[in-house]
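# Understanding the architecture of this molecule
Below, each chain spelled out in residue letters.
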Amino acid sequence: MQHIGLLWDSVSNNMGDMAIGLVLQRAFARSNIPFRVIDPYLPALDSIASLVIGGGELIRTVGDPFYDIFRAPGRHILNTVGVLDGADNGFLDGYRLITVRSQADRARLGRGEVAPCVTLLYNDYVLDEDALPDIPPGAIGINLNYSFYEQIEPLVAWLRQSGLGPIVWLPITHYNADALLMQEVAAHVPHSLVLPPLSPDATFRAIGSLSALVSFSLHASIFAYAQGIPMLGYRPVGKLTAFMEERDQGASLFETADDIARLLPLLLEAPPDLMQRRQQDEQTCRQWLAQMLAEAENALSSPSLETSIRLRPANARYHGLEMSFHWELGTRTVLIVRGSLQTAALRASLTNTRATLATASDELFEARSTLENARGAAAKVDEELLDTRASLANTRATLTTVSDDLAGARDKLINVNEAYADLRVSLANTRATLTTVSDELADARLTLAETRVASAEATSVLEDTQASLANARATLTTVSDDLAGARLNLADKGAALALATAELAETRATITDTEAALAAVTANLGTVQSHLDSLRSTLVVRLAKKYLWPLTLSARVRNLRARFSRGKAEET
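Residue positions are counted from 1 within each chain, in the order its sequence is given. Residues qualify for local features only when their pLDDT is at least 70, as the model is predicted, and side-chain atom pairs are given and counted only at 80 or more; totals for whole chains, interfaces and linings, by contrast, use all residues. Computation of side-chain values covers all heavy atoms of the structure but excludes hydrogens and water.

### Examining the overall build of the protein chain
Note the cut-off: Here a strand is any run of E in DSSP of at least two residues, a helix any run of H or I of at least four, and the numbering for each starts at the N terminus. A 1.4 Å probe and the Shrake-Rupley method give the accessible areas. Residues count as covered only by the protein chains that appear here.
Looking only at helices and strands, the protein chain features 13 helices and 13 strands. Roughly 32,600 Å² of accessible area belongs to the protein chain as shown, and the carbon and sulfur atoms make up 56% of that amount.

Have a look at this one:
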């Protein structure tokens, strides 16, 4: 039984290539066209009537150890491929259909029709069998790779302060360790979610749940375009730039982090309406796919002219080394980015530390000022205390003066009381005298005619007595007023005496507390003195033991010498 061979880059761990293969297989399966996937490393071509080659950037310079396998001569179909070098294209002369995916690719190849990549129809073939991670509503997707490493630090700085909301990082080009790179970056961006490497179906559905996409990948952009998700594209990726410019989206291409910071808020605020252009592209892509399937059926029913297809296997070791190079480059970029972001974080931390130190320095200056103010306040309190003590001394002197004044006032009061008593006696005497004078006046009236001279003298005496009485009454009033003033003065001095007595009591309590503290200190001093005496005694004993034993030994030696001398003398 004859089959159609599906030949694409099925050995690279890349989302776009995997998606191309899935759409081709599902489209052929729906049309009940027998097919077989051709392994580029082991191209088994028996019973293959024709090949469908593509897509991806497959047409390159002749002599490439891996991509030369896609330069298969014969009656085949070239499926919307990308072209890097289309100079040597004679192998395409016998092809049934030739399609490229952009006007730029057609210009490089010099032949073929232009149709979008078949993955634009992924909505028609997607399956929802794979579980999808929870993606926050309104999340912005970013697909990042190592080619942007110099701009990652400013991108992170902007994302940290932009307040755009949750960020979802999408691994697409797995062969260059983009997932590791985005994990490193996401660690420095709040509200970040790094998706694990997903299948094309799950990736397509994840992109469809985003509010916008910042893309470094053509097929991530195609997935977004197919679902009406607004996107920004990385200009240095030529195939992505061609895709967007041919849809009048050149204004949504970026090269730097500043471009993203400028364009992304505008994209979210006013996303472009691409529905009509997308419908046209989908119609073109469906027409091309139908034509491809029809040509595949024709190849199966045609005479078996392609049964002798021969292909030189792609060099697995070379391609493996190339993939390893991309992986190594990606992982080394991760290390570079890690160092860069950690350095940036350290710089930010250093800035914060400097700010903290500046704040601490200001607080220290304020604390020193407060301390100086406290010292000034303490000095002022000391001055006020001295003033209070002086005031207390003055109060005591005043109290003594008041006491003396009080004693004087008491003496004066006694004198006033005595004078008042004398005045009462004088008044009584005066009244008695007045009575006597009245009697004498009566007698004088009776003898007025006879004793006019005596009456005149008596009248004079009477007037003098009345004047004396008036003076006595005035004196009595003055004495009463003086007595009232003395009583008020005595009350004021009694209040002052009570206040001074209270202050004196507080002072005595303070003196008592001070004497108690002094007694405690004296007791402690006695204890310390006792310890000191004990220590001196111990030291004296130790010194004696240390320094007196040689003297004792010397004395013993002298005694022994003397005994020895006496013994000698006795023997002699």
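### Examining the packing of aromatic side chains
Threshold: The rule is short: rings of Phe, Tyr and Trp, with Trp giving its six-membered ring, pair when the centres are within 6.5 Å, and they are stacked under 30 degrees, edge-to-face over 60, tilted in between.
Evaluation of the coordinates by the stated rule reveals 16 aromatic pairs. Taking 5.1 Å as the distance between ring centres and 85 degrees as the angle between the ring planes, the aromatic pair formed by Phe204 and Phe223 counts as edge-to-face. A residue pair is termed long-range when its members are at least 10 positions apart, and Phe204 in helix α6 (residues 200-208) and Phe223 in helix α7 (residues 218-226) qualify at 19 residues. Ring centres 5.5 Å apart and planes at 35 degrees place the aromatic pair Tyr234 and Phe254 in the tilted group. Here the residue Tyr234 occupies a position in strand β12 (residues 231-234), and Phe254 occupies one in strand β13 (residues 253-254), the gap between them amounting to 20 residues.

### Focus: the pattern of salt bridges
Under the convention used in this document: By definition, a salt bridge exists where a carboxyl oxygen of Asp or Glu is found within 4 Å of a side-chain nitrogen of Lys or Arg. Buried, partly exposed and exposed residues are distinguished by accessible area as a fraction of the type maximum, computed with a 1.4 Å probe on protein chains only: under 20%, between the cut-offs, and over 50%, respectively.
Counted under the stated rule, the structure contains 18 salt bridges. Between Asp259 and Arg262 there is a salt bridge; the shortest N-O distance is 3.4 Å. A residue pair is termed a helical-turn pair when its members lie 3 or 4 positions apart in one helix, as Asp259 and Arg262 do in helix α9 (residues 257-269) at three residues. Taking the relative accessible area as the measure of exposure, Asp259 reaches 17% and is therefore buried. A network of salt bridges, in which partner residues are shared, links Arg101, Asp105 and Arg108.

### Focus: the side chain of His319
Selection rule: Two N or O atoms form a polar contact when they lie within 3.5 Å of each other; inside protein one atom must be a possible hydrogen donor and the other a possible acceptor, and for residues adjacent in sequence the pair counts only when both atoms belong to side chains. Note on definitions: a residue-residue contact is assigned when non-hydrogen atoms from the two residues lie within 4.5 Å.
Among the structural elements, His319 can be located in helix α11 (residues 316-446). On the basis of relative accessibility, which here comes to 1%, the residue His319 falls in the buried class. A polar side-chain atom of His319 sits 2.8 Å from a polar atom in the side chain of Ser12. Other than its neighbours up to four places away in sequence, His319 contacts Asp9, Val11, Ser12, Tyr41 and Phe66.

### Brief notes about the nonpolar core
How we decide: For this analysis, a nonpolar core means a set of buried residues of the types Ala, Val, Leu, Ile, Met, Phe, Trp, Tyr and Cys, connected via side-chain atoms within 4.5 Å.
Counting 86 residues, the largest nonpolar core has Leu144, Trp169 and Val185 as its most contacted members. Apart from residues no more than four positions distant in its own chain, Val185 is found in contact with Leu144, Ile152, Val156, Trp169, Val337 and Leu341. By size, the runner-up hydrophobic cluster in this structure holds 24 residues, among which are Leu78, Val81, Ile98 and Leu109.

### Digging into the pairing of β12
Keep this limit in mind: A pair of strands is labelled paired if DSSP reports no fewer than 2 bridges between them. For the handedness criterion, the strands are oriented away from the viewer, and a crossover whose path from the first strand over the helix to the second runs clockwise is classed as right-handed.
Going residue by residue along β12, you find Met231 and Gly233 tucked away on one face and Leu232 and Tyr234 tucked away on the opposite face as well. Where strand β11 (residues 212-215) lies against β12, three bridges are found, and the strand directions are parallel. Across the sheet, the residue bridging to Val214 is Leu232, located in β12. Once you follow β11 into α7 and on to β12, the crossover reads as right-handed. In terms of strand pairing, β12 meets β13 through two bridges, oriented parallel. Looking at β13, one finds that Gly233 is bridged to Leu253.

### Details of the packing of helix α4 (residues 149-162) against α9
Stated formally: Interaxial angle, 0 to 180 degrees, is taken between N-to-C directions of lines fitted to C-alpha atoms, where a helix line uses only the stretch in contact. Note on residue classes: Ala, Val, Leu, Ile, Met, Phe, Trp, Tyr, Cys and Pro are nonpolar, Asp, Glu, Lys and Arg are charged, and everything else, Gly too, is polar.
Viewed as axis vectors pointing N to C, α4 and α9 meet at an angle of 35 degrees, and their least axial separation amounts to 8 Å. Judged by residue contacts, Gln151, Pro154, Leu155 and Trp158 of α4 engage Ala257, Ile260, Ala261, Leu264 and Pro265 from α9. Its residues assigned to classes, the contact of α4 with α9 shows eight nonpolar, one polar and no charged.

### Digging into the sheet that holds β12
Strand order in this open sheet of six strands is β10-β9-β8-β11-β12-β13, and the pairing throughout is parallel. The open sheet terminates on both sides in strands that have one partner only, identified here as β10 (192-194) and β13. One ladder, built from three bridges, connects strand β8 (residues 140-142) with β11; its direction is parallel. What sits directly across from Ile140, in β11, is Ala212.

### Focus: helix α10 (residues 275-301)
Cut-off, in case you're wondering: Expected span of a helix: the number of residues minus one, times 1.5 Å.
The terminal C-alpha atoms of α10 lie 39 Å apart, and with 27 residues this matches the ideal 39 Å at 1.5 Å per residue to within 8%. Along α10, the residues that are buried comprise Arg278, Asp281, Glu282, Cys285, Trp288, Leu289, Met292, Leu293, Ala296 and Ala299.

### Some words on unusual backbone geometry
In this structure, Gly55 follows Gly54 across a cis peptide bond, with omega equal to -5 degrees. Looking at where Gly55 falls in the secondary structure, it is placed in the loop between β3 (48-53) and β4 (56-59). The phi dihedral of Thr80 is positive, around 40 degrees, even though this residue is not glycine. Along the chain, Thr80 turns up in strand β5 (residues 77-83). The exposure class assigned to Thr80 is buried, which follows from its relative accessible area of 0%. One non-glycine residue, Ala177, lies in positive phi territory at about 60 degrees. Its place among the elements puts Ala177 in the loop between β9 (167-169) and α5 (178-186).

### Digging into α5
The element α5 is extensively covered by neighbouring structure, given that seven of its nine residues are classed as buried. Residues of α5 that are buried include every one of Asp178, Ala179, Leu181, Met182, Glu184, Val185 and Ala186, and no others.

### Focus: the environment of Pro65
Along the chain, the position of Pro65 falls in the loop between β4 and β5. Apart from the residues lying within four places of it in its own chain, the contact partners of Pro65 are Ala314, Asn315 and Tyr318.

### What to know about the side chain of Gln249
In this structure, Gln249 sits in the loop between α8 (238-245) and β13. Take Gln249: its relative accessible area is 11%, and that puts it in the buried class. Setting aside anything within four residues of it in sequence, one finds Gln249 in contact with Met244, Pro272 and Leu274.

### A closer look at a negative patch on the surface
Put simply, the rule is: Excluding any residue in a salt bridge, patches collect residues exceeding 30% relative accessible area, merging like charges within 9 Å and nonpolar Val, Leu, Ile, Met, Phe, Trp and Tyr side chains within 5 Å. Positive charge is attributed to Lys and Arg, negative charge to Asp and Glu, and no charge count is given to His or to the chain ends. Where a charge lies is defined by one atom per residue type: Lys uses NZ, Arg uses CZ, Asp uses CG and Glu uses CD.
On the surface, a cluster of negative charge is made up of Asp382, Glu383, Glu384 and Asp387. Mapped onto the elements, Glu383 comes out in helix α11.

### Notes on the pairing of strand β1 (residues 3-7)
The element β1 is extensively covered by neighbouring structure, given that five of its five residues are classed as buried. Of the two faces of β1, the one lined by His3, Gly5 and Leu7 and the one lined by Ile4 and Leu6 are each fully buried. Both β1 and β3 contribute to a ladder of five bridges, which runs parallel. Paired with Leu6 across the bridge in β3 is Val52. Where β1 lies against strand β2 (residues 35-37), three bridges are found, and the strand directions are parallel. Bridging from a neighbouring strand, Ile4 pairs with Phe35 of β2. Read from β1 through helix α1 (residues 15-30) to β2, the crossover connection turns out right-handed.

All quantities given are derived from atomic positions and should not be read as evidence of function.
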